[in-house]
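# Overview (structure and organization)
Residue strings, one per chain:
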Amino acid sequence: MRKGLLELTTAYQIQGQAEKLLTSNEYELDSLSVLVLAEETGCSAYDCEFVALAQRFDIPLVTSDKKLLSVFPEQAIAPKAFIS
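The sections below set out a description of the structure shown in this document. (Residues numbered from 1 in each chain as written. Predicted model: local features only at pLDDT ≥ 70, side-chain atom pairs only at ≥ 80, totals over all residues. Heavy atoms only, no water.)

Tallied over the full model, the rule gives two aromatic pairs. Ring centres of Tyr27 and Phe57 lie 5.1 Å apart, and the angle between their planes is 70°; this geometry places the pair in the edge-to-face category. In this pair, Tyr27 sits in the loop between α1 (8-22) and α2 (31-41) while Phe57 sits in helix α3 (residues 45-57), placing the two residues 30 residues apart along the sequence. Since its relative accessible area comes to 38%, Phe57 is described here as partly exposed. Ring centres 5.2 Å apart and planes at 75° place the aromatic pair Tyr46 and Phe50 in the edge-to-face group. With Tyr46 and Phe50 both in helix α3 and four residues apart, the pair spans about one turn of that helix. A relative accessible area of 56% places Tyr46 in the exposed class. Residue classification places Phe50 among the partly exposed positions, given a relative accessible area of 41%. (Phe/Tyr/Trp six-rings, centres within 6.5 Å; stacked < 30°, edge-to-face > 60°. Helix = DSSP H or I, 4+ residues; strand = E, 2+ residues; numbered from the N terminus. Buried < 20%, exposed > 50% of the residue type's maximum accessible area, 1.4 Å probe, protein only.)

So this is what it looks like as structure tokens:
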């Protein structure tokens, strides 16, 4: 919408479809664990939500974020390394 590529009604329809796809695929996280990760690393709480979720399920966090790759080498992996 910001660039004039979508009208409000189209954007609203797309958003609705996305929300339906996410239903039953959202996960609750303990806010304290997210905030502790953020405090310990200096990463944003937003980024740490993804790290905490990956840690919870013991799966790699595939990311191109250089800071996350550096700060969380045990959890974060670059896409190219992941597919290798």
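Here we come to a nonpolar patch on the surface. A grouping of Met1, Leu5, Leu6, Leu8 and Ile14 is seen on the molecular surface, where their side chains present a nonpolar patch of about 540 Å² in accessible area. When you line up the elements, Met1 lands in the segment before α1. (Patch = residues over 30% accessible without salt bridge, like charges linked within 9 Å, V, L, I, M, F, W, Y side chains within 5 Å. Areas by Shrake-Rupley, 256 points an atom, 1.4 Å probe, with all protein chains shown as cover. Salt bridge = Lys/Arg side-chain N within 4 Å of Asp/Glu carboxyl O.)

Relative to the assigned elements, Leu68 resides in helix α4 (residues 66-71). As a C-alpha pair, Leu68 and Ala78 span 10 residues in sequence and 9.7 Å in three-dimensional space. If we ignore the near neighbours within four places in the chain, the residues touching Leu68 are Cys43, Asp47, Val51, Leu61, Thr63 and Ala76. (Contact = heavy atoms within 4.5 Å.)

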